Amino acid sequence: MSMSSIGSQLRRHIELLKRYPALSPIGEDILRAYFFMEACYKNGGKLLIAGNGGSAADAEHIVGELMKSFELPRKLSKRLIDSMIAIDATRGNELAVKLQDGLPAIALQNHPALNTAYANDVDGLLCYAQQVHVYGQKPDVFLAISTSGNSQNLLYAAVAAKAKNMKIIGLTGDRPSMLSQIADVTVRVPETVTYRIQELHLPIYHCWCLMLEDCFFGCSKY
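- The protein chain has the name Sugar isomerase (SIS) in an unreviewed UniProt entry, where Syntrophobotulus glycolicus is given as its organism.

Structure below.
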């Protein structure tokens, strides 16, 4: 990683804390969580994300920022472009213009047929754990978003992730939780009311996505 890339990422982190000074006491945990995700992607891994209710929507939001361009262009490599054009010149040229590079991320609630089948046939609380067990491998990171940190389906998934040697990041509210006992790092925002916790989760994960984009798709990469 270039020094300019590191500088850009740290600037994102500093800007976050300036805009949201209430997050300053957990600034180190925010940064630690980011470096787990960076290492995951550098080692060919993916991000598995889960939550309930509004936190499920946050999981989808994160996937949207990682799987396509956020702020920076994400150009395909010349080698890939040449390969697509060699297969089909017309479609290859269109793909070369319109496809964007991304970072693989999966929101685990977005599989209704699987989740409803598993809930009906086995146990609804284990739907996320089942996906973590099948998808997960050592380079991957499981990001569990829970305002309480005690959501049972996320705790089952976290145990499954730990057994697969995945890193676990918890994004919770201020209170100590069972998730914080399992996770490698827990980012506990300084709020205890659900909607206020969620209001602080958004700028944190936006910052993570910006930092990851700077790292993997910064100008120096092209």
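### Some details on helix α3 (residues 54–66)
Here comes step 1: Given a rise of 1.5 Å per residue, 13 residues ought to cover 18 Å, and the 19 Å separating the end C-alpha atoms of α3 matches this to within 8%.
Here comes step 2: Among the residues making up α3, those that are buried are Ser55, Ala56, Asp58, Ala59, Ile62, Val63, Glu65 and Leu66.
Here comes step 3: Elements that come into contact with the buried residues of α3 comprise α2 (27–42), β1 (47–51), β2 (105–107), β3 (141–145) and α10 (194–217).

### Considering the packing of aromatic side chains
Here comes step 1: Across all of its chains, the model carries two aromatic pairs by this definition.
Here comes step 2: With centroids separated by 5.1 Å and ring planes inclined at 65°, the aromatic side chains of Tyr34 and Phe35 adopt a geometry described as edge-to-face.
Here comes step 3: Taking 6.1 Å as the distance between ring centres and 80° as the angle between the ring planes, the aromatic pair formed by Tyr41 and Phe216 counts as edge-to-face. Remark: Phe216 occurs in helix α10 and Tyr41 occurs in helix α2; sequence separation between them is 175 residues.
Here comes step 4: The class of Tyr41 is buried, set by a relative accessible area of 9%.

### Quick look at the pairing of β3
Here comes step 1: Burial runs high along β3: five of the five residues are buried.
Here comes step 2: Burial of β3 is two-sided: the residues Val141, Leu143 and Ile145 facing one way and the residues Phe142 and Ala144 facing the other way are all buried.
Here comes step 3: Across five bridges, the pairing between β1 and β3 is parallel. Bridging across to β3, Ala50 finds its partner in Ala144.
Here comes step 4: Relative to strand β4 (residues 167–172), β3 runs parallel, the two sharing five bridges. What sits directly across from Leu143, in β4, is Ile169.
Here comes step 5: Since β3 and β4 lie parallel, the crossover through helix α8 (residues 152–163) that links them has a hand, and here it is right-handed.

### Considerations on α2
Here comes step 1: If you check α2, its first and last C-alpha atoms are 23 Å apart, about what 16 residues at 1.5 Å a residue would give, namely 22 Å.
Here comes step 2: Buried within α2 we find Gly27, Ile30, Leu31, Ala33, Tyr34, Phe36, Met37, Glu38, Cys40 and Tyr41.
Here comes step 3: Residue Gly44 follows α2 closely and has a positive phi angle near 80°.

### Overview of the sheet that holds strand β5 (residues 185–188)
Backbone hydrogen bonds are what pair the strands of a sheet, in a parallel or an antiparallel way.
Here comes step 1: What the five strands build is an open sheet, ordered β2-β1-β3-β4-β5; its pairing is parallel. Each end of this open sheet is capped by a strand with a single partner; those strands are β2 and β5. Here the average twist between neighbouring strands, direction ignored, is 15°.
Here comes step 2: Looking at chain direction, β1 and β2 are connected through three bridges and run parallel. Paired with Leu47 across the strands is Ala105, a residue of β2.

About the thresholds
- Residues numbered from 1 in each chain as written.
- Predicted model: local features only at pLDDT ≥ 70, side-chain atom pairs only at ≥ 80, totals over all residues.
- Heavy atoms only, no water.
- Helix = DSSP H or I, 4+ residues; strand = E, 2+ residues; numbered from the N terminus.
- Expected span 1.5 Å × (residues − 1).
- Buried < 20%, exposed > 50% of the residue type's maximum accessible area, 1.4 Å probe, protein only.
- Contact = heavy atoms within 4.5 Å.
- Phe/Tyr/Trp six-rings, centres within 6.5 Å; stacked < 30°, edge-to-face > 60°.
- Pairing = 2+ DSSP bridges.
- Right-handed = clockwise from strand over helix to strand, strands pointing away.
- Axes fitted to C-alpha atoms, helices over the stretch in contact; angles between N-to-C directions.

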